[in-house]
Amino acid sequence: MQSIVPARALESRTGSGHETVDGLFEGVGRRGAGSVTELQVTDRAGVAADASAVVLNVTAVNPSAAGFVTVFPCGSSQPTASNLNYVPGSVVPNAVIAKVGDDGNVCLFTSAETHLVVDINAWFPDGASLQSIVPARALESRT
């Protein structure tokens, strides 16, 4: 794993103090219910072009309804597992290790409209000992 100075890669809000490390994916607006946001993570903020996975901090900000975010490699099927769950008006962060998909992107599915903030904290080089998998739910107690 290669640690980096944490850097903001996605900031859907606008205004002063809501910038990304390189001006990309900045002020893109609330992410819609049922939408997928493709986020470029390689070749940004010190992440190598051949990174196989990234360590992210993903935050839902002021969601309009209860929902969840699922992070997965773009180009792969969306898994049924969620990476963070939120309720209306909340601010909910969670650490996520995500495999990098097509063209160096990770995809973020939002089930209910929300602002998203994504920071990159580290990355795994191609061939690293980490074996990432598609997220899968191991236990579901709800009926």
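Everything here concerns the structure above.
Residues numbered from 1 in each chain as written. Predicted model: local features only at pLDDT ≥ 70, side-chain atom pairs only at ≥ 80, totals over all residues. Heavy atoms only, no water.

## Let's talk about the packing of aromatic side chains
Here's step 1: Under the counting rule described, the total for this entry stands at one aromatic pair.
Here's step 2: Here the aromatic rings of phenylalanine 68 and phenylalanine 109 are separated by 5.7 Å at their centres, their planes lie at 45 degrees, and the arrangement is tilted. Residue phenylalanine 68 is located in strand β4 (residues 67-73), and its partner phenylalanine 109 is located in strand β7 (residues 105-110); the two are separated by 41 residues in the primary sequence.
Here's step 3: Judged by relative accessible area, which is 28%, phenylalanine 68 ranks as partly exposed.
Here's step 4: The class for phenylalanine 109 is buried, based on a relative accessible area of 12%. (Phe/Tyr/Trp six-rings, centres within 6.5 Å; stacked < 30°, edge-to-face > 60°. Helix = DSSP H or I, 4+ residues; strand = E, 2+ residues; numbered from the N terminus. Buried < 20%, exposed > 50% of the residue type's maximum accessible area, 1.4 Å probe, protein only.)

## Topic: the nonpolar core
Most often, soluble globular proteins keep nonpolar side chains buried together rather than apart.
Here's step 1: Within the largest apolar cluster, 25 residues are counted, with the highest numbers of intra-cluster contacts made by Val58, Val71, Val106 and Leu108.
Here's step 2: For this core, the secondary structure elements donating two or more residues are β1 (2-11), β3 (53-61), β4, β5 (84-86), β6 (91-99), β7 and β8 (115-124).
Here's step 3: Beyond its immediate sequence surroundings of up to four residues, leucine 108 is in contact with Ser35, Val36, Thr37, Leu39, Val58, Val69, Thr70, Val71, Leu116 and Val118.
Here's step 4: Ala53, Val55, Phe124 and Ala128 belong to the second-largest nonpolar core, a separate cluster that totals five residues. (Core = buried A, V, L, I, M, F, W, Y, C linked by side-chain atoms within 4.5 Å. Contact = heavy atoms within 4.5 Å.)

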